[in-house]
Amino acid sequence: MATTIQVSNLKQGYGKTIVLEDINLTVHNGEILGLIGPSGAGKTTLVSTIMGMLRPQEGTVTVLGQKMPNRKLLAKIGYMAQTDALYSALTARENLKFFGAMQGLGSADLKKQIPYAAGIVNLNPDLDKYVKDYSGGMKRRLSLAIALVSNPDLLILDEPTVGIDPELRQQIWAELHNIAKEGKTILLTTHVMEDAEQSDQLMMIRNGIAIAQGTPDQLIKDYQVKTVEDVFLKAGRQQDAHS
Amino acid sequence: MRTVKMVKRVLTEMLRDKRTLALMFLAPLLILTLMYFLFQSNTDQTASLGIRNVDTTLVKAIKNDHVHFHDVSSKESAKTIIRDHDYAGLISQKGDQITLTLQNSDQSKSAILKQSLQKAQIKLKMEAAATAIKGQQKAIKAQQRALSQMQKSLAAASKAAASENPSAARRQVKTQTPLTTASKPKSATTYSVNTHYLYGSSDSTFFDTLLPIMIGFVVFFFVFLISGIALLRERTTGTLNRLLATPIKRGEIISGYLAGYGIFALIQTLLIVGFTILAFKIQILGSVWNILLINILLAFVALAMGLFISTFASSEFQMVQFIPVVVIPQIFFSGIIPIDQMANWLQPIARIMPLYYGASAMSNVIEKGVTFIDILPKLGILVGFAALFLILNIFSMRRYRQV
């Protein structure tokens, strides 16, 4: 299996504050990696570094065989930010068109991809409404559709399920598994344990350090607990005991 | 390609924001129209002057259309009288001493009174001089008569003494000549004055001086504010960050903004220049194309500056706070107060203000009719300012994406 993301000995921070230390991570094609951890743990910083928005202070990040940061490679990465970064004066379709074009899609591709991406998040009936008239959940779904519109090899989703109702969440997860089956890689951050259980691989980050890594089943077995949530709590206690 | 899409997006957003459009296109016209009417009426200002125990000759001399007289007989202090009647000033006389007390809450009224008094003093002095000359002339004539009689008698006497001393008599006659020529009665010359105006006419008001500066200023101000706030909104809503997660180059973002808002700045400039020509019948000695060119360059500087300054603001409110720091000082140095009349240490400050170059180039084209070649150095400096801020912008975006 080919490697999509390879992070080795990453140390990252802003100026003198260290946010991440000793991060090693390998994600293969077709895998869904869940990054879990409390807010402020450094999840978004790790995501930004993998995307190449930040240059690693130490260590290396390789994505799809290329060393990051690499601007051109961003065309192959679909990104959904934590905040809904949408143009509220435009319609949903115009937002999809604009970001799709920025990703490098031609108008023929856009015509095909927009109904597909909007279909996954059930937005097709509302595509021509202005984003300012959207509800919070609809905006979140549109952000996800924007990440999907360019049919990227790597999908990076920062807190994708916040504000999305359980029914739609299931639907989205089904689609994410389909995408992964096609050989695409998905990296998502979350602090919702249901999302964590759906992932193929988990990485738990706390205070900038990876405290546990593996498949959900493996982790539950190793820590001799019943749920992923318990794994996280136990790993956290162990981290505190060591420091 | 991406830049074109950026421009398209900026235009769509702008066209849907009707209020901002109105602000950009109508507010400048409103401001200029207001200024037009405000600065029309200041020529027929009058000042009221209280008069106490002043010689009638002086009062007559002061009299003109801009001063209203009020006779004052009360013995109260000048201060009380001015306060009670709201006079612009009070003039009183004690012997040779004339005292002018001014309210000075309105300096232009004080100036009218001071000027009127000065004129009156000159008038009186001239009259006095004229009478003195007349008196002198009379005296000279009398002297002349006496002299010629003396000459005659001298001549008779010298004839008698000619054999003994002829040269002495001649010398005396000679010395007499200059006096005779000097005492020729001079006819007073009256000059008729024809005034020609290179720019404007005798009806020109301060508005004519102000207008070229204001055209540049309103373009600068509105473009600065709107472009700055637009990029700021992009920062605060996270769309800039999102945009930088695509393969777009930082330069493409900036050039998209520049082109998108540049189009609006261009329309705004055309509207303002067209309006001033049609509605105010402003006289333009130079080429209209030069005016458009200056304005467009000014708009680009404002655009680049607005985008850059927005880096330091974290909300629209903070962006507005930059107006007193960045925009208002530019008005002071734009030529409303002539730069060469400023204190020496202040003058170099004007050199770092983009509006100074824009406004002075505008004034030169409109009022002095200078050509493209003459304003070229100033245009070059404006291009330099725009380039500087654009480069700074591209660097400041490194904060969001390091490549």
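Residues numbered from 1 in each chain as written. Chains lettered and ligands numbered in written order. Predicted model: local features only at pLDDT ≥ 70, side-chain atom pairs only at ≥ 80, totals over all residues.

Novice: Break down the overall build of chain B for me, with residues and values.
Specialist: What chain B contains, in helices and strands, is 15 helices and four strands. Considering chain B as a whole, with its 403 residues, one finds that 30% of them fall into the buried category. (Helix = DSSP H or I, 4+ residues; strand = E, 2+ residues; numbered from the N terminus. Buried ≥ 20, exposed ≤ 12 C-beta atoms within 10 Å, placed from the backbone.)

Novice: I'd love a proper account of the overall build of chain A, names of residues and values included.
Specialist: Helix and strand content of chain A: eight helices and 10 strands. With the C-alpha coordinates of chain A rotated into their principal frame, the extents come out at 55 × 35 × 35 Å. Taking all 243 residues of chain A together, the buried fraction comes to 47%. For chain A, contacts bridging at least 24 residues in sequence account for 67% of all contacts bridging at least 6. (Contact = placed C-beta atoms within 7 Å.)

Novice: Go over the UniProt feature "transmembrane region" (unreviewed entry) in chain B, please, and point to the residues and values.
Specialist: All names here are of chain B. Per the UniProt annotation, the sites labelled "transmembrane region" (unreviewed entry) are residues 21–39, 210–232, 253–282, 288–310, 322–339 and 375–395. The distance separating the terminal C-alpha atoms of residues 21–39 is 28 Å; by composition the span is 95% helix and 0% strand. Note that residues 253–282 is 90% helix and 0% strand, and that its end C-alpha atoms are spaced 39 Å apart. (UniProt positions renumbered as here; feature names shortened; annotations may be inferred.)

Novice: Got a sec to walk through the interface of chain B and chain A? Specific residues and values, please.
Specialist: Taken residue by residue, the interface counts 22 residues in chain B and 25 residues in chain A. Where the side of chain B that touches chain A is concerned, the elements lending two or more residues are helix 1 (2–16) and helix 8 (239–243) of chain B. The element that contributes the greatest number of residues to the side of chain B that touches chain A is helix 1 of chain B, accounting for six residues. In terms of residue class, the side of chain B that touches chain A is made up of seven nonpolar, seven polar and eight charged. (Nonpolar A, V, L, I, M, F, W, Y, C, P; charged D, E, K, R; others polar.)

Novice: Tell me about the pairing of strand 2 (residues 67–71) of chain B, residues and numbers included.
Specialist: Residue and element names in this part refer to chain B. Sheet analysis places strand 1 (residues 47–52) next to strand 2, joined by five bridges and oriented parallel. In the sheet register, Ile51 faces strand 2, and the bridge partner there is Asp71. With respect to chirality, the unit in which strand 1 leads through helix 3 (residues 56–62) into the neighbouring parallel strand 2 is right-handed. (Pairing = 2+ DSSP bridges. Right-handed = clockwise from strand over helix to strand, strands pointing away.)

Novice: I'd like a description of unusual backbone geometry, backed by residues and values.
Specialist: Residues and elements named next belong to chain A. In this structure, the amide linkage connecting Met68 to the following residue, Pro69, adopts the cis form with an omega of 0°. With respect to the element layout, Pro69 can be found in the loop between strand 5 (66–67) and strand 6 (77–80). Of note in this structure, Asn9 is not a glycine but carries a positive phi near 45°. Relative to the helices and strands, Asn9 resides in strand 1 (residues 3–14).

Novice: Please set out the packing of helix 7 (residues 206–236) of chain B against helix 14 (residues 354–368) of chain B residue by residue, giving values where relevant.
Specialist: Helix-helix packing is described using two parameters, namely the angle between the two axes and the distance between the axes. Residues and elements named next belong to chain B. Two numbers describe how helix 7 lies on helix 14: the axes approach to 8 Å, and their chain directions differ by 140°. One element, helix 7, and the other, helix 14, form an angle in the oblique class. Viewed along their axes, helix 7 and helix 14 form a crossing whose handedness is right-handed. Across from Pro212, Ile213, Ile215, Gly216, Phe217 and Phe220 in helix 7, the residues of helix 14 making contact are Leu355, Gly358, Ala359, Met362, Ser363, Ile366 and Glu367. Grouping the constituent residues of the contact of helix 7 with helix 14 by class yields nine nonpolar, three polar and one charged. (Axes fitted to C-alpha atoms, helices over the stretch in contact; angles between N-to-C directions. Parallel < 35°, antiparallel > 145°, perpendicular 65-115°, else oblique. Left-handed = near helix turned anticlockwise from the far one by under 90°.)

Novice: Could you give an account of the environment of Asp222 of chain A, with specific residues and numbers?
Specialist: The residue Asp222 of chain A is located in helix 7 (residues 216–223) in this model. For Asp222 of chain A and Lys234 of chain A, which are 12 residues apart along the polypeptide, the C-alpha to C-alpha distance reads 11 Å.

Novice: Describe in detail helix 1 of chain B, supporting the description with residues and values.
Specialist: The first and last C-alpha atoms of helix 1 of chain B sit 21 Å apart over 15 residues, in line with the 21 Å expected at 1.5 Å per residue. Residues of helix 1 of chain B that are buried: Met6, Arg9 and Val10 of chain B. One face of helix 1 of chain B carries all of its buried residues, which in axial projection span an arc of 100°. Away from the buried face of helix 1 of chain B by more than 90 degrees, exposed residues Val4 and Leu15 of chain B are located. Summarising the contacts, the buried residues of helix 1 of chain B are in contact with helix 2 (92–102) of chain A together with helix 9 (250–279) of chain B. (Expected span 1.5 Å × (residues − 1). Arc of directions from axis to C-beta.)

Novice: Quick one: what's the story with the domain arrangement of chain B, residue by residue and with numbers?
Specialist: When cut into domains, chain B gives domain 1 (2–39 + 207–399) and domain 2 (43–178). The distance between the C-alpha centroids of domain 1 of chain B and domain 2 of chain B comes to 57 Å. (Domains from an automatic or database assignment.)

Novice: How would you sum up helix 7 of chain B? Please name residues and give values.
Specialist: All names here are of chain B. Helix length check: helix 7 (31 residues) gives 43 Å between terminal C-alpha atoms against 45 Å at 1.5 Å per residue, within 8%. Along helix 7, the sharpest kink reaches roughly 35°, centred on Pro212. Across the 31 residues that make up helix 7, a large majority, 23, are buried. The first or second residue beyond helix 7 is Gly238, which carries a positive phi of 90°. (Bend = angle between axes of the 7 residues up to and from the residue.)

Novice: So, the sheet that holds strand 10 (residues 209–214) of chain A: which residues are in play, and what are the values?
Specialist: The pairing of strands in a sheet happens through backbone hydrogen bonds and is either parallel or antiparallel. Residue and element names in this part refer to chain A. Spatial strand order, 6-7-8-3-9-10: six strands in an open sheet with mixed pairing. Of all the strands in the sheet, the pair left with one neighbour each is strand 6 and strand 10. Direction aside, the axes of adjacent strands within the sheet are offset by 15° on average. Note that strand 7 (residues 154–158) and strand 8 (residues 185–190) share five bridges and pair parallel. Each bridged residue has a counterpart across the sheet, and for Leu157 the counterpart in strand 8 is Leu188. Running over the sheet, helix 1 (residues 43–51) touches strand 3 (32–36), strand 6, strand 7, strand 8 and strand 9 (201–206) and is turned about 155° from strand 7. Sheet strands touched by helix 4 (residues 136–148): strand 6 and strand 7. Its angle to strand 6, the strand with the most contacts, is close to 170°.

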